[in-house]
Amino acid sequence: MVARAGAVLRAGGLVAFPTETVYGLGANALDEAAVARIFVAKGRPARNPLIVHVAEVEHVARVAADWPEVAARLAERFWPGPLTLVLPKHQDVPSVVTAGGATVAVRLPAHSLARALIRAAGVPIAAPSANPSARISATRAEHVVRWLGGRIELVLDGGPAYGGLESTVLDVTCSPPRLLRFGLVSPGAIEATIGGIALPVNVARERPPREDANVPLRSPGMLDRHYAPDVPLTCAVGDACEQARSMVYAGHRVGWLARDEDVGKDLPGLTVVCMPGDPAAYAAMLYAALHALESAGVERIIVSLPPYGEAWQAVHDRLRRAAIRDTPGG
Ligand code: TXA
Ligand code: MG
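Reading the values: the criteria
Residues numbered from 1 in each chain as written. Chains lettered and ligands numbered in written order. Predicted model: local features only at pLDDT ≥ 70, side-chain atom pairs only at ≥ 80, totals over all residues. Heavy atoms only, no water. Helix = DSSP H or I, 4+ residues; strand = E, 2+ residues; numbered from the N terminus. Rg over C-alpha atoms; globule rule 2.2 N^0.38 Å. Buried < 20%, exposed > 50% of the residue type's maximum accessible area, 1.4 Å probe, protein only. Contact = heavy atoms within 4.5 Å. Areas by Shrake-Rupley, 256 points an atom, 1.4 Å probe, with all protein chains shown as cover. Expected span 1.5 Å × (residues − 1). Polar contact = N/O pair within 3.5 Å; in protein donor to acceptor, adjacent residues only side chain to side chain. Phe/Tyr/Trp six-rings, centres within 6.5 Å; stacked < 30°, edge-to-face > 60°.

*Asks:* Hey, could you go over the overall build of the protein chain for me, with residue numbers and the actual values?
*Replies:* When helices and strands are counted, the protein chain shows nine helices and 13 strands. Scaling as 2.2 N^0.38, a compact globule of 330 residues should have a C-alpha radius of gyration of about 20 Å, and the protein chain matches this with 19 Å. For the C-alpha atoms alone, the extent of the protein chain along its principal axes is close to 60 × 45 × 40 Å. The burial tally for the protein chain puts 58% of its 330 residues in the buried class. Considering only residue pairs separated by 6 or more positions, the protein chain has 67% of its internal contacts joining residues 24 or more positions apart. Carbon and sulfur atoms form 53% of the exposed surface of the protein chain, whose accessible area is close to 13100 Å².

What follows is the structure in structure tokens.
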């Protein structure tokens with residue numbers, strides 16, 4: 001199956017595959033027409049650049065023009081794994097991949113099936129998350145089939161993507177390096193390896209240039225609304241149970257991402273999903289829980305916010321974005 005998938009990629013096709021974060025929708029990164037098909041399949045704006053995936057550190061040189069010392073140290077510590085590095089782009093990378101920009105985002109995934117696929121293809125693989133643009137990412141093959149099936153050649157089913165949230169994105173073309181997206185590698189872990197980095201203070205306020213669609217975004221992961229389910233989602237302030245019930249009494253079918261202690265509080269019209277108290281387990285389950293509630297036909301989702309603290313930063317970031325409804329995502 002992997003050999004076949006590699007051949008499909010080499011022939012210009014699209015293959016969805018599992019990684020340790022979420023499922024990716026892959027194409028040969030050096031094939032402009034193939035990469036263009038990713039944008040069509042996802043309905044993704046051309047100004048939102050893609051991450052290029054490699055299976056060996058030595059292959060970074062095929063897609064990036066420079067490999068700064070900080071990048072080498074980070075790769076040594078975190079690769080294979082959920083950290084994406086933004087580097088100066090190699091001239092062989094078609095501009096469709098980088099949305100016309102001079103930098104390219106590169107990642108070496110830890111998932112064995114992802115790496116086997118990249119090796120079988122024999123080329124670097126451009127792959128965004130395998131979901132329609134601005135929707136929540138797919139963490140299971142069935143999510144990909146449901147939303148993108150029919151538009152792509154093949155889905156490699158490797159079971160649930162065990163990390164559950166997209167990779168951390170760090171720009172190392174500037175000094176200090178700048179965090180562009182929170183993810184499973186925390187800012188503290190990065191700083192322990194290379195020293196101080198710039199954090200995305202206020203990035204949530206940054207919006208795409210509305211008028212000129214040709215200007216590339218610095219990182220659309222910074223868009224306010226991104227990673228959002230189709231139904232309105234509210235992060236509860238105060239008593240989530242009370243709020244969920246009042247939505248039910250108002251006539252809605254409601255899904256509630258609750259905490260352990262809320263087991264058994266279901267009532268007709270209210271589906272309670274008890275989320276884990278551990279941040280890694282919560283992250284792994286979040287998108288699958290949202291997909292499941294959507295499939296079950298709920299009309300509103302309410303979330304009991306998990307604790308704060310660095311281990312929960314990426315989860316809070318995604319929940320906050322999922323709750324925003326007024327800004328179209330990238
Ligand atoms: O975990 C992940 O990163 C998954 C798996 C499949 O690898 N991929 C993923 O890709 O989440 P995507 O396209 O959904 O998100 C890529 C993020 C976007 O926020 C994009 O704007 C940013 O990376 N990005 C890509 N290239 C960039 C660049 N050259 N400069 C700045 N940001 C970039
Ligand atoms: Mg995405």
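*Asks:* Describe helix α8 (residues 279-295), naming the residues involved and giving the relevant values.
*Replies:* Relative to the 24 Å expected for 17 residues at 1.5 Å per residue, α8 spans 24 Å between its end C-alpha atoms, a close match to the ideal helical length. The set of residues buried in α8 consists of Pro-279, Tyr-282, Ala-283, Leu-286, Tyr-287, Ala-288, Ala-289, Leu-290, His-291, Leu-293 and Glu-294. On its buried face, α8 is in contact with α5 (141-148), β10 (233-236), β11 (254-258), β12 (270-274), β13 (300-304) and α9 (313-322). Put simply, Asp-278 is the residue that caps the front of α8, since its side-chain oxygen is 3.3 Å from the backbone nitrogen of Ala-280. Trailing α8 by a residue or two, Gly-297 shows a phi angle of about 85 degrees, which is positive.

*Asks:* Explain the environment of Ser-112 residue by residue, including any values.
*Replies:* Tracing the chain through its elements places Ser-112 in helix α4 (residues 112-121). Accessibility expressed as a relative area gives 59% for Ser-112, which makes it exposed. Note: C-alpha distance between Ser-112 and Glu-20 (92 residues apart in sequence) is 8.8 Å.

*Asks:* Help me get a handle on the packing of aromatic side chains, residues and values and all.
*Replies:* Per the counting criterion, the structure on display carries two aromatic pairs. Each ring, one from Tyr-282 and one from Trp-312, has its centre 5.4 Å from the other, and the planes form 80 degrees; the classification is edge-to-face. Residue Tyr-282 is found in helix α8, and its partner Trp-312 is found in the loop between β13 and α9; the two are separated by 30 residues along the sequence. Here the two residues Tyr-282 and Trp-312 agree in accessibility, since each one is buried.

*Asks:* Account for α9, naming residues and giving values.
*Replies:* In terms of residue burial, α9 counts as a mostly covered element, since eight of its 10 residues are buried. Among all positions of α9, only Ala-314, Val-315, His-316, Asp-317, Arg-318, Leu-319, Arg-321 and Ala-322 are buried. Where α9 is buried, its residues meet β9 (178-181), β10, α8 and β13.

*Asks:* Talk me through the environment of Leu-9; I want residue IDs and the actual numbers.
*Replies:* Residue placement: Leu-9 occurs in helix α1 (residues 2-10). Looking at Leu-9, the relative accessible area reads 0%, which means it is buried. Spatially, the C-alpha atoms of Leu-9 and Lys-42 are 17 Å apart, while their sequence positions differ by 33 residues. Those residues in contact with Leu-9 that lie beyond four places of it in its chain are Val-15, Gly-26, Ala-27, Asn-28, Leu-117, Ala-121 and Ile-125.

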